[in-house]
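Per-entry structural report
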Amino acid sequence: MGLDIRLPMKPGEQLPPKYFVSLDDDGYYWFMHPQFETLKEKTGQYLDLYGGATFAGESLSVLKETVTAIREQVINMPERWEVHTGDLIGSHLHPTPPQPIFKTVEKETFLDLLDRLDEVVDAAVRTGTPIVALGD
């Protein structure tokens, strides 16, 4: 599962890496998830691992504010921390209590990811193009 956040492409076109960010079903995505829910409340667009969204005009400003809010949270975290990413559950044949799953994230890697996301948003604002987010 993944979520690609990028500027739109024409058929056959390849984007430079600075105009493309991929998020995975990992601690980085799930740490950002509460902010993505707030983003959805404000814009109606949700950065979902399974769905799609488009940010243009005012919603780009809100997306930029969201990235800034996430960055402020990350800056105040330790160099490495654990993020709850889900629960492992048994089947109806073998019921077991849910077991929480945690993934480790690193501050430096997270800040690099946020820098790349900022580059995509800034490029969209500068060029007047939308940002397209596509989950799989």
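What comes next is a walk through the structure. Counting of residues starts from 1 at the beginning of each chain's written sequence and follows it residue by residue. Local features are withheld for residues below a pLDDT of 70 in this predicted model, meaning they are given only at 70 or higher, and side-chain atom pairs are given and counted only at 80 or more; totals for whole chains, interfaces and linings count all residues. As a convention, hydrogens and water are excluded, and side-chain values are obtained from all of the structure's heavy atoms.

Concerning the packing of helix H2 (residues 58–75) against helix H3 (residues 107–127)
It is at 10 Å that the axes of H2 and H3 come closest, and there the two elements cross at 165 degrees. Classified by the angle between their axes, H2 and H3 sit roughly antiparallel to one another. Two packed elements cross with a definite hand, and for H2 against H3 that hand is left-handed. From H2, Leu 60, Leu 63, Lys 64, Val 67, Ile 70, Arg 71, Val 74 and Ile 75 reach across to H3, where they touch Lys 107, Phe 110, Leu 111, Leu 114, Asp 115, Leu 117, Asp 118, Val 121, Asp 122, Ala 124 and Val 125. Residues belonging to the contact of H2 with H3 are distributed by class as follows: 13 nonpolar, no polar and six charged. Angular values range over 0 to 180 degrees, each being the angle between N-to-C directions of two axes fitted as lines to C-alpha atoms, with helices fitted over their stretch in contact. Each helix is a run of DSSP H or I of at least 4 residues and each strand a run of E of at least 2, with the numbering of both proceeding from the N terminus. Note that the term roughly parallel is reserved for angles under 35 degrees, roughly antiparallel for angles over 145, roughly perpendicular for angles of 65 to 115, and oblique for everything else. Crossings are sorted by hand: turned counterclockwise from the far helix by less than a right angle, the near helix makes the crossing left-handed, and turned clockwise it makes it right-handed. Should any heavy atoms of two residues lie within 4.5 Å, those residues are counted as being in contact. In this count, Pro and Cys sit with the nonpolar residues alongside Ala, Val, Leu, Ile, Met, Phe, Trp and Tyr, while Asp, Glu, Lys and Arg are called charged and the others, Gly among them, polar.

Remarks on the packing of aromatic side chains
The rule is short: rings of Phe, Tyr and Trp, with Trp giving its six-membered ring, pair when the centres are within 6.5 Å, and they are stacked under 30 degrees, edge-to-face over 60, tilted in between. What the rule picks out here adds up to six aromatic pairs. Here the aromatic rings of Tyr 29 and Trp 30 are separated by 5.0 Å at their centres, their planes lie at 90 degrees, and the arrangement is edge-to-face. Given the relative accessible area of 1%, Tyr 29 is considered buried. Residues Tyr 29 and Phe 36 carry aromatic rings whose centres are separated by 5.6 Å and whose planes lie at 55 degrees to one another, so their mutual orientation is tilted. For the pair Tyr 29 and Phe 36, a shared accessibility class is recorded, and that class is buried. Only protein chains enter the accessibility calculation, which uses a 1.4 Å probe; a residue whose area is less than 20% of its type maximum is buried, one above 50% is exposed, and one in between is partly exposed.

So, the sheet that holds strand E6 (residues 131–135)
Reading across from one edge, E2-E1-E6-E3 is the order of the four strands in this open sheet, with antiparallel pairing throughout. Of all the strands in the sheet, just strand E2 (20–24) and strand E3 (52–55) have a single pairing partner and so form its edges. The mean angle between the axes of side-by-side strands here comes to 15 degrees, regardless of whether they run parallel or antiparallel. By the bridge criterion, five bridges tie strand E1 (residues 2–6) to E2 in an arrangement that is antiparallel. Paired with Asp 4 across the strands is Ser 22, a residue of E2. Packed on one face of the sheet, H2 meets E3 and E6 and runs near 105 degrees to E3. When DSSP finds at least two bridges between two strands, those strands are taken to pair.

Regarding the pairing of E1
Taking burial as the measure, the five residues of E1 include four buried ones, the bulk of the element. Looking at chain direction, E1 and E6 are connected through four bridges and run antiparallel. Across the sheet, residue Arg 6 finds its bridge partner in E6, namely Val 132.

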